[in-house]
Amino acid sequence: QVQLVESGGGSVQAGGSLRLSCTVSGISFSMSDIGWYRQTPGKQRELVAAINSAGSANYARFAEGRFTISRDNAKDTVYLQMNSLKAEDTAVYYCKTQALAPSWQDYWGRGTQVTVSS
């Protein structure tokens, strides 16, 4: 059974930092691509950053220069380091992966709330 568990959310003032973690089980983690997404009420979920099995990362424009995605294959965990946070970064942050079951299927965590006060 594929499971993703996010942690590390919380409340922070503008300009502050948070590090989110996403621990994954039930798949071959080192061979999997993992993405961080976020969603605010009334808006569609949007990509924040993603990292592939080779460790290459890509970022949404709003995340470039402020957020860093990384992975630790020994811990089956992907991190999202968020610096210089802004009020508009307030959202529920989710991680996602894909697995063959038997066709390719998306798996999501339950999310972690990030609140940035100005």
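Refer to the preceding data block for the structure.
Focus: the pattern of salt bridges
Thinking step 1. Counting across every chain of the model gives four salt bridges.
Thinking step 2. Between R38 and E46 there is a salt bridge whose closest N-O contact spans 2.8 Å.
Thinking step 3. Relative accessible area serves as the criterion here: at 8%, R38 is assigned to the buried category.
Thinking step 4. Using a relative accessible area of 33% as the deciding quantity, one classes E46 as partly exposed.
Thinking step 5. In this structure, R66 and D89 form a salt bridge, with 2.7 Å as the shortest nitrogen-oxygen distance. Of this pair, R66 sits in the loop between β6 (57-59) and β7 (67-72) while D89 sits in the loop between β8 (77-82) and β9 (91-100), placing them 23 residues apart in sequence.
Thinking step 6. One salt-bridge network, held together by shared partners, links R38, E46, R66 and D89.

Observations regarding the pairing of β8
Thinking step 1. The buried fraction of β8 amounts to five of the six residues, a majority that puts the element mostly inside the structure.
Thinking step 2. One ladder, built from six bridges, connects strand β3 (residues 18-25) with β8; its direction is antiparallel. Of the residues in β8, the one forming a bridge with L20 is L80.
Thinking step 3. Of the pairings in the sheet, the one linking β7 to β8 comprises six bridges and is antiparallel in character. Residue R71 lies in a different strand from β8, and its bridge partner there is V78.
Thinking step 4. Where β7 hands over to β8, the hairpin turn is made up of four residues, of which D76 adopts a positive phi near 50°.

Things to note about the nonpolar core
Thinking step 1. Ranked by size, the top nonpolar core spans 28 residues in total, and within it W36, V48, F67, L80, M82 and Y93 carry the most contacts.
Thinking step 2. Within the residue set of this core, elements represented by two or more residues are β3, β4 (34-39), β5 (46-51), β7, β8, β9 and β11 (112-117).

Re the side chain of R71
Thinking step 1. Position of R71 relative to the elements: it lies in strand β7.
Thinking step 2. Here the side chain of R71 touches N52 through a polar contact of 2.9 Å, landing on its backbone oxygen.
Thinking step 3. At 3.0 Å, the side chain of R71 forms a polar contact with the side chain of N73.
Thinking step 4. Apart from the residues within four sequence positions on either side, R71 is in contact with F29, S30, S32, I51, N52, S53, T77 and V78.

Regarding the layout of surface pockets
Thinking step 1. Reported here for the largest pocket is a volume of approximately 290 Å³.
Thinking step 2. Mapped by element, the contributors of at least two residues to the lining of the largest pocket are β4, β5 and β9.
Thinking step 3. It is β9 that provides the largest number of residues to the lining of the largest pocket, a total of four residues.
Thinking step 4. Split by residue class, the lining of the largest pocket holds eight nonpolar, eight polar and two charged.

A few points about the environment of I51
Thinking step 1. With respect to the helices, strands and loops of the structure, I51 is situated in strand β5.
Thinking step 2. Measuring from C-alpha to C-alpha, the distance between I51 and V78 comes to 8.5 Å, with 27 residues separating the pair along the chain.

What counts as what
- Residues numbered from 1 in each chain as written.
- Predicted model: local features only at pLDDT ≥ 70, side-chain atom pairs only at ≥ 80, totals over all residues.
- Heavy atoms only, no water.
- Salt bridge = Lys/Arg side-chain N within 4 Å of Asp/Glu carboxyl O.
- Buried < 20%, exposed > 50% of the residue type's maximum accessible area, 1.4 Å probe, protein only.
- Helix = DSSP H or I, 4+ residues; strand = E, 2+ residues; numbered from the N terminus.
- Pairing = 2+ DSSP bridges.
- Core = buried A, V, L, I, M, F, W, Y, C linked by side-chain atoms within 4.5 Å.
- Polar contact = N/O pair within 3.5 Å; in protein donor to acceptor, adjacent residues only side chain to side chain.
- Contact = heavy atoms within 4.5 Å.
- 1 Å grid on protein atoms, 1.4 Å probe; cavity = no way out; pocket = protein on both sides within 12 Å on 5 of 7 lines; lining within 4 Å.
- Points joined across faces, edges and corners; volume = space filled by probe spheres on them.
- Nonpolar A, V, L, I, M, F, W, Y, C, P; charged D, E, K, R; others polar.

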